[in-house]
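Structure at a glance
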2 protein chains.
Amino acid sequence: MSTPLQPAVGESTSTDHLTEVRLARIALTWLTEPGTRSVHRLVGAYGPVGALDRLLAGDVPDRRLRTAVAARRAAGDPRDVAAAALAHTERLGARIVVPEDDEWPQQVRDLELLSLPGAERTIDQETAPPLAIWVRGQHLLAEALSRAVAVVGARAASPYGAHVATELGYGLAERDWTVVSGGAHGIDAAAHRGALNAGGLTVAVLACGVDRPYPAGNSSLFDRIVETGLLVSEWMPGAEPLRHRFLIRNRLIAAATAGTVLVEAAARSGATQTLRRALAINRPAMVVPGPVTSAMSVGAHELLREHPRTRLVTGLPHVLEEVGRIGADLAPPARAPRQPRDLLDDESALLLEALPRRGTLDPDALAARAGLDVRTTLRKLALLEDLDLIVRRDDGYAISVPSARPTTADPTLL
Amino acid sequence: MSTPLQPAVGESTSTDHLTEVRLARIALTWLTEPGTRSVHRLVGAYGPVGALDRLLAGDVPDRRLRTAVAARRAAGDPRDVAAAALAHTERLGARIVVPEDDEWPQQVRDLELLSLPGAERTIDQETAPPLAIWVRGQHLLAEALSRAVAVVGARAASPYGAHVATELGYGLAERDWTVVSGGAHGIDAAAHRGALNAGGLTVAVLACGVDRPYPAGNSSLFDRIVETGLLVSEWMPGAEPLRHRFLIRNRLIAAATAGTVLVEAAARSGATQTLRRALAINRPAMVVPGPVTSAMSVGAHELLREHPRTRLVTGLPHVLEEVGRIGADLAPPARAPRQPRDLLDDESALLLEALPRRGTLDPDALAARAGLDVRTTLRKLALLEDLDLIVRRDDGYAISVPSARPTTADPTLL
């Protein structure tokens, strides 16, 4: 059952009520781990306030849930804990976002549909949508995630993997796609940094409280992200990065984004799990291959071999092609009338996407970026120039400046 | 219509007749390029001798064929040319093999089935089976090709690609698979050399006569191949390596083998064509990925992205897995009762395949070769040891020597 977006009959929509809802949800996230399906069902039936009441009264049929909650309560009073957490959140200058807020990223509701046939492990069963999300940063959550791609991978990244992740993060951010990752060392950090370097938006989804992001070795990175992006978490401030929380967190990364790109993963790497989550909720699941001599690409290659729906991508143009197919829910809203570029053939479109938002690039570099041969590239560049979508300069081609073209409101054409 | 394996009614099976058939076929290969479908149909209807008679009499409905033949005849008398070519062949210590011989590799008949929908270019239409194959070397052609895998790729191979091709050639040969390639610089040469280094069998399919193999830069390699393997060609001795012949030759590489592996290819590389031929005749079409930063892997990645039936492989175990699925035609004949190894789970089977035929390998190297994590590897190695399929030594594991196991006639277990 889906989480009701409206209060149940008889409840008001007052600020007090929303606070009550927030507190109830916080208490629920403290009593059980995020993703717990039985709690999700309870909230769906009774609303968060009603669900909490019943849980604390022991009035729930699920014995395992009752037991877990009883054990947790030995550590404190859930309502007191929730109140303290809310106060702590406000002191941090952070906030908690719940499904009842406009700011809630609706796409995460797809986790209700996530079904892993034959799932035996708890982590594969307890994949319900989030109850609440803590946020540090200046952007509205739904807006930040409206055009977002996840870039994930191994902590022990090779220089190759780090390079690819950085480039991808940079290119995505340049084109106004939010780069989402887990803030970990290696591929995650590289992707975040690439986005930051492009002056774009990046979101780190943590497995601990947003007050002390883990790992500490990335703290200056997290500081930069808070300034211009978002740190988010399903756990309250002060929550520890317990081992199992990294896997739980991964489902949010997959569900919050239009698609997930796995850049590098060793055999049986945990990083492949995020991609499997994306597959399970029918999001584009993209994998970057690497040298077959590299142990760091074994997991990535395994995924490509074993899952027919995984998509091999070699760079930004392929990624954009994949997420560009997303249906109405996540596609950027139509901001302008149909553009000449909507009528382009695939190769011309790839080249247009390969051009940097600012500055020029020569045809050889463009050809390599778009994965095309030089002869086709030159031919299509001439076409794009005819359409006034690009201009030729001394050192290469550049996106055409809008004043030279029919007016459009699409900022990606700037 | 298929090439008749028996002489037409009324013709004898004498040596004279076979010679007449050989000469007719040689003449036909001189009059038109290999793969020409109209000639193939003619031979199917009238036999090679009858077909040649009709062609030379102008008694064929296909106007384009008549014109081509007429133009060719300006360069000489086809029957004289054929006689000279046969004599030249014998002087070389080479031979010409035709479908009427026991030595003919039957699997190339699958080229009759090759159909490329919407094919517009001549090279994609004229893909009929060979009329005849010239051979230099001591092995019977059909036998040499009964367990064969093609390993192909770019001429401008990177060190990575050359390494992978060499390893693959070595590993295949070690397991009694014939390594087939085109004798070109780069990937082809690396694959041939790998096979030779393993003391195995390799076959080079040339785009010119077997007397002066091209490229000349590989002549010492070709000498080694003649000694222990085979040089083959659909063109008579003295034939030049004209540009279009390389693409014509590729269909034979694909059709003669149980599967084709593309190791490395730049964008729009000709090397990808062999793989497309394999796809078109439903042979395993395998591709080795590489760094996405390498221009030399762009073509390989394109294939993996665009053709759902291509299979990503990272090394020998994957290749063996793919060609091991071939049906009765090309699978090694059952030589022994069901072995314990036939009952192995996939991972144990991969590890068993990853072991060298001779010598030992340590668990880490085995894990990397098989694409498994070390923990699983150790577990499965213990199982294989229990089954007496492998033995543990000081420096690693080795295939168990047959005298220590139930007798089997399967030489791959030696």
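Conventions adopted
- Residues numbered from 1 in each chain as written.
- Chains lettered and ligands numbered in written order.
- Predicted model: local features only at pLDDT ≥ 70, side-chain atom pairs only at ≥ 80, totals over all residues.
- Heavy atoms only, no water.
- Pairing = 2+ DSSP bridges.
- Helix = DSSP H or I, 4+ residues; strand = E, 2+ residues; numbered from the N terminus.
- Contact = heavy atoms within 4.5 Å.
- Axes fitted to C-alpha atoms, helices over the stretch in contact; angles between N-to-C directions.
- Least-squares fit on C-alpha atoms with pLDDT ≥ 70 in both.
- Domains from an automatic or database assignment.
- Buried area = accessible area lost by both parts, 1.4 Å probe.
- Salt bridge = Lys/Arg side-chain N within 4 Å of Asp/Glu carboxyl O.
- Polar contact = N/O pair within 3.5 Å; in protein donor to acceptor, adjacent residues only side chain to side chain.
- Buried < 20%, exposed > 50% of the residue type's maximum accessible area, 1.4 Å probe, protein only.
- Lys, Arg positive; Asp, Glu negative; His and termini not counted.
- Phe/Tyr/Trp six-rings, centres within 6.5 Å; stacked < 30°, edge-to-face > 60°.
- Lys NZ or Arg CZ within 6 Å of the ring centre and 35° of its normal.

Some words on the sheet that holds strand β1 (residues 95–97) of chain A
Residue and element names in this part refer to chain A.
- Pairing in this open sheet of nine strands is mixed, and the strands run β1-β2-β6-β5-β4-β3-β7-β8-β9 from one edge to the other. Each end of this open sheet is capped by a strand with a single partner; those strands are β1 and β9 (311–312).
- Two strands pair when backbone bridges link them, and strand β3 (residues 148–152) and strand β4 (residues 178–181) are joined in this way by three bridges, in the parallel orientation. Bridging across to β4, A150 finds its partner in V180.
- Relative to strand β8 (residues 285–287), helix α13 (residues 316–323) is tilted by about 170°, and along the sheet it contacts β3, β7 (259–262), β8 and β9.

As for the relation of the copies chain B and chain A
- Aligned on chain A, chain B shows an RMSD of 0.1 Å; the corresponding rotation is 180° and the shift along the axis is 0.0 Å. These values place the two chain copies in the arrangement generated by a two-fold rotation axis.
- The share of interface residues of chain B whose copies in chain A are also at the interface is 100%, consistent with both copies meeting through the same surface.

Details of the domain arrangement of chain A
Residues and elements named next belong to chain A.
- Assigned domains of chain A: these are domain 1 (1–91), domain 2 (92–323) and domain 3 (340–413).
- Facing the nine residues of domain 2 at the interface are 12 residues of domain 3.
- Both faces combined, the contact of domain 2 with domain 3 buries some 860 Å², and carbon together with sulfur accounts for 44% of it.
- Its largest share of buried area at the contact with domain 3, domain 2 owes to E174, R175 and P317, together 59% of the area lost on that side.

Brief notes about the interface of chain B and chain A
- Contact residues are listed per partner, giving 28 residues for chain B and 28 residues for chain A.
- The tally of links between chain B and chain A comes to four salt bridges.
- Between R305(B) and E322(A) there is a salt bridge; the shortest N-O distance is 3.9 Å.
- On the surface where chain B and chain A come into contact, there are 10 residue pairs in polar contact (both at pLDDT 80 or more).
- Counting residues per element, the ones that place at least two in the side of chain B that touches chain A are α7 (159–174), α12 (298–306), β9 (311–312) and α13 (316–323) of chain B.

Some thoughts on α13(B)
- Within α13(B), seven of the eight residues are buried, which leaves the element mostly enclosed by the surrounding structure.
- Along α13(B), the residues that are buried comprise L316(B), P317(B), H318(B), V319(B), L320(B), E322(B) and V323(B).

Side note on the pattern of salt bridges
Residues and elements named next belong to chain B.
- Considering all chains together, one arrives at 28 salt bridges over all chains under this definition.
- Of the charged contacts, one joins E126 and R64 as a salt bridge, the two residues approaching to 3.2 Å between their closest N and O atoms. Residue E126 is located in the loop between α5 (122–125) and β2 (133–137), and its partner R64 is located in helix α3 (residues 63–73); the two are separated by 62 residues in the primary sequence.
- When its relative accessible area of 16% is taken as the criterion, E126 is described as buried.
- The exposure class of R64 is exposed, given its relative accessible area of 55%.

As for the side chain of E264(B)
Residues and elements named next belong to chain B.
- By the secondary structure assignment, E264 is in the loop between β7 (259–262) and α11 (271–280).
- No salt bridge forms around the buried E264; measuring N to O, its nearest opposite-charge neighbour R155 is 12 Å away.
- In terms of polar contacts, E264 uses its side chain to reach the side chain of S158, at 2.5 Å.
- Not counting the four nearest positions on each side in its chain, E264 is found in contact with V152, G153, A154, A157, S158, Y160, G161, I187, M296 and S297.

What to know about the packing of aromatic side chains
- Considering all chains together, one arrives at two aromatic pairs over all chains under this definition.
- Seen in terms of ring centroids, Y214(B) and F246(B) are 5.7 Å apart; in terms of plane orientation they differ by 65°. Their pairing is edge-to-face. In this pair, Y214(B) is assigned in the loop between β5 (202–206) and α9 (219–228) and F246(B) in helix α10 (residues 243–256), connecting sequence segments 32 residues apart.
- Given the relative accessible area of 40%, Y214(B) is considered partly exposed.
- What makes F246(B) buried here is its relative accessible area of 15%.
- It is R54(A) that lies over the ring of Y46(A); its NZ or CZ is 3.7 Å from the centre.

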